[in-house]
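These are the residues of each chain, in order.
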2 protein chains.
Amino acid sequence: MTKDEPTREERIRRKSRKRREDEKQEVRQAILSAATALFLKLGTEGFSLRGVAEEAGYSPGTIYLYFENKDDLLYTVADEGFQRFLIMLHDAASDNLEPIDQLRQMANAYVSFGLDYPAHYRVMFIDRTDFIASDERAQDWQATLQALRDTVQKAIDSGDFQPVDVAATSDALWAFLHGAVSLAITMQSFDAERRASMLSMTHQLIDTLVDGLRKG
Amino acid sequence: MTKDEPTREERIRRKSRKRREDEKQEVRQAILSAATALFLKLGTEGFSLRGVAEEAGYSPGTIYLYFENKDDLLYTVADEGFQRFLIMLHDAASDNLEPIDQLRQMANAYVSFGLDYPAHYRVMFIDRTDFIASDERAQDWQATLQALRDTVQKAIDSGDFQPVDVAATSDALWAFLHGAVSLAITMQSFDAERRASMLSMTHQLIDTLVDGLRKG
DNA sequence: TTCATTTGATGAACGCTGTTCAGGAGATAA
DNA sequence: TTATCTCCTGAACAGCGTTCATCAAATGAA
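Now for a description of the structure that goes with this document. Everything quoted here is computed from the prediction, not taken from an experiment. (Residues numbered from 1 in each chain as written. Chains lettered and ligands numbered in written order. Predicted model: local features only at pLDDT ≥ 70, side-chain atom pairs only at ≥ 80, totals over all residues. Heavy atoms only, no water.)

Residues and elements named next belong to chain B. Running from amino to carboxyl end, helix α5 (residues 99-116) crosses helix α6 (residues 118-127) at an angle of 110 degrees, the nearest separation of the two axes being 5 Å. As judged from the angle between their axes, α5 and α6 are roughly perpendicular. On α6, the residues that touch Tyr110, Phe113, Gly114, Leu115 and Asp116 of α5 are Pro118, His120, Tyr121, Met124 and Phe125. Residue composition of the contact of α5 with α6, grouped by class: 7 nonpolar, 2 polar and 1 charged. (Axes fitted to C-alpha atoms, helices over the stretch in contact; angles between N-to-C directions. Helix = DSSP H or I, 4+ residues; strand = E, 2+ residues; numbered from the N terminus. Parallel < 35°, antiparallel > 145°, perpendicular 65-115°, else oblique. Contact = heavy atoms within 4.5 Å. Nonpolar A, V, L, I, M, F, W, Y, C, P; charged D, E, K, R; others polar.)

In this section: the interface of chain B and chain A. Taken together, the 40 residues of chain B in the interface contact 40 residues of chain A. Carbon and sulfur atoms supply 69% of the area buried between chain B and chain A, which totals about 3,400 Å² over both sides. Here chain B is connected to chain A by 4 salt bridges. A salt bridge links Arg128(A) to Glu45(B), with the shortest nitrogen-to-oxygen separation between them at 4.0 Å. At the boundary of chain B and chain A, one finds 6 residue pairs in polar contact (both at pLDDT 80 or more). Contributions of two or more residues to the side of chain B that touches chain A are made by α1 (8-46), α6, α7 (139-157), α8 (166-186) and α9 (192-213) of chain B. (Buried area = accessible area lost by both parts, 1.4 Å probe. Salt bridge = Lys/Arg side-chain N within 4 Å of Asp/Glu carboxyl O. Polar contact = N/O pair within 3.5 Å; in protein donor to acceptor, adjacent residues only side chain to side chain.)

Right, let's get into the environment of Ala172(A). Take Ala172(A): it is sitting in helix α8 (residues 166-186). Residue Ala172(A) is classed as buried on the basis of its relative accessible area of 0%. Ala172(A) has contacts with Phe176(B), Met198(B), Met201(B), Thr202(B) and Leu205(B), leaving out every residue within four places of it along the chain. (Buried < 20%, exposed > 50% of the residue type's maximum accessible area, 1.4 Å probe, protein only.)

This part takes up the protein's contact with DNA strand C. Near DNA strand C, the surroundings consist of 20 residues, among which Thr62(A), Tyr66(A), Leu49(B), Arg50(B) and Tyr64(B) are the closest. Looking at DNA strand C alone, sugar and phosphate atoms form 65% of those within 4 Å of the protein. Take Leu49(B): an N or O atom from its main chain is 2.6 Å from a phosphate oxygen of DNA strand C. Lys70(B) is positioned with one of its backbone polar atoms (N or O) 2.7 Å from a phosphate oxygen of DNA strand C. (Near = heavy atom within 4 Å.)

Each copy superposes on the other: chain B lies on chain A with an RMSD of 0.0 Å after a rotation of 180 degrees and an axial shift of 0.0 Å. Look at the turn and shift together and you get a two-fold axis relating the two. When C-alpha positions in chain B are compared against the rotation axis, the closest is assigned to Gly179(B), at 1.8 Å. Most of the interface of chain B is mirrored in chain A, where 100% of its interface residues are also at the interface. (Least-squares fit on C-alpha atoms with pLDDT ≥ 70 in both.)

With that out of the way, let us pick up α7(B). Residues and elements named next belong to chain B. In this model, α7 (19 residues) spans 26 Å end to end at C-alpha, consistent with the 27 Å of a helix rising 1.5 Å per residue. Buried within α7 are the following residues: Trp141, Thr144, Leu145, Ala147, Leu148, Thr151, Val152, Ala155 and Ile156. Looking one or two places after α7, you find glycine 159, whose phi comes out positive at around 85 degrees. (Expected span 1.5 Å × (residues − 1).)

What follows deals with the packing of aromatic side chains. Evaluated as defined, the whole model comprises 25 aromatic pairs over all chains. Judged by centre distance (5.6 Å) and plane angle (65 degrees), the rings of Phe39(B) and Phe47(B) are edge-to-face. The exposure classification of Phe39(B) matches that of Phe47(B), with both residues buried. With centroids separated by 6.1 Å and ring planes inclined at 70 degrees, the aromatic side chains of Phe125(B) and Trp174(B) adopt a geometry described as edge-to-face. Of this pair, Phe125(B) sits in helix α6 while Trp174(B) is found in helix α8, placing the two residues 49 residues apart along the sequence. Residue Phe125(B) shares its accessibility class with Trp174(B), and that shared class is buried. Taken together through their ring pairs, the aromatic side chains of Phe82(A), Phe85(A), Tyr110(A), Phe113(A), Tyr117(A), Tyr121(A), Phe125(A), Trp174(A) and Phe190(B) make up a single cluster. (Phe/Tyr/Trp six-rings, centres within 6.5 Å; stacked < 30°, edge-to-face > 60°.)

So, about the protein's contact with DNA strand D. In the vicinity of DNA strand D lie 20 residues, with Leu49(A), Arg50(A), Tyr64(A), Thr62(B) and Tyr66(B) positioned nearest. Taking the atoms of DNA strand D that fall within 4 Å of the protein, sugar and phosphate contribute 66% of them. One of the side-chain N or O atoms of Tyr64(A) is found 2.7 Å from a phosphate oxygen in DNA strand D. Thr62(B) has a polar side-chain atom sitting 2.5 Å from a phosphate oxygen of DNA strand D. Where the surface near DNA strand D is concerned, the elements lending two or more residues are α1 (8-46) and α2 (49-56) of chain A together with α1 and α3 (60-66) of chain B. Split by residue class, the surface near DNA strand D holds 6 nonpolar, 6 polar and 8 charged.

Glancing now at the packing of helix α4 (residues 70-94) of chain B against α6(B). Residues and elements named next belong to chain B. At a minimum axis separation of 8 Å, α4 and α6 run at an interaxial angle of 100 degrees. Looking at the two axes, α4 sits roughly perpendicular to α6. Along its contact with α4, which presents Leu74, Val77, Ala78, Glu80, Gly81, Phe82, Arg84 and Phe85, the element α6 presents His120, Val123, Met124 and Phe125. The class makeup of the residues in the contact of α4 with α6 is 8 nonpolar, 2 polar and 2 charged.

Everything listed here is a matter of geometry and, on its own, says nothing about what the molecule does.
Okay, structure coming up:
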């Protein structure tokens, strides 16, 4: 008997287990993708588990093998969004730029995220804000806001900004960005040109704000 | 027979008809109030016609005697909101102030409206933005935005502002205000102090923006 | 190969929702 | 008193989220 080496059967069993585990993850991801697509198409009202099941090609009950319930499914969509969002914000901030330029880059990243992942943004910040309220799962969310605060703090520490209230300032900047993205996403009556010029002006005004926060 | 004068019976009949008409309006208003209260308490998810019916003291079917359907009921709430909103904005603008101060007053009025009528604001601008998209009923909504545009235009005409793009500028200002009010309303995890300091900073930064838009 | 066990998916069922509608009770008109 | 009209009800239907007994197939052991 070869000492500690797994037998052929053992190896087969392991690979089989792994393959089935991978398949499970694929099904889970398929349901998640169907949910994201459906949420984008139908919004919070028309979105239904039965619709997700049909889109993914399973019966409604199957969803409960992969997610606790409807809220858990939507929360997972939001969570996926927060992770991508955090990466995008950190990437924007870690370009070796001056704090003020970092801030501008983060503003760009914020808007880009909203436009690139509107379904995620809706769940995260518009339709299901209850997820991040009083929930221990709000970690990723707080990290994203912390990234903004850190950058404002750096701008103050470097002497670029006046010593403003960091929390209030970054919350207000967040509000501006959130408002622009929200309107761009939800106001379906806006044509592409209006949306674009509003966002462009938003970026200009963010620059104006940043200038206004400068020392002296 | 006294010529054209109505008989006593005729007078009674008219008053009776009017009284019953008033009672109908009262029931309608009661349903509307119940709906507003319930929407504020439960949000778009938990809000149900059966809940409204119970709150108002009628059976579910009765609501359909006064409103077309659930959307019509919610739209009526939104419409009520738009009317009050328009009055508040016009009041703010018609103080005989300089255009720039009018703009500041309107910003204050905007935030005040959102905080005073959060249920209406949610229906109008957050949860049911589909109402004002591609609908002939969007008149009151467009009027409110027009009020903002008019004031920006006045500031340019009076020489206070640089000749910026009026539509884009007022849309961006709107975005800022909308973001602040949205966060204040929907982020239940904010304590009162954070909410207050964010809104206070928002007003400060609006002032900064207005300064930045001044003629160089 | 054969057979028991485990796994993944199903479809029926429950209580909820929005919505419709035949019917009934009470006020109104004759 | 009687007939008409007005307002409201409660039952019904389809669709929703959710649960669960059941079943087919894949697995692991013999």
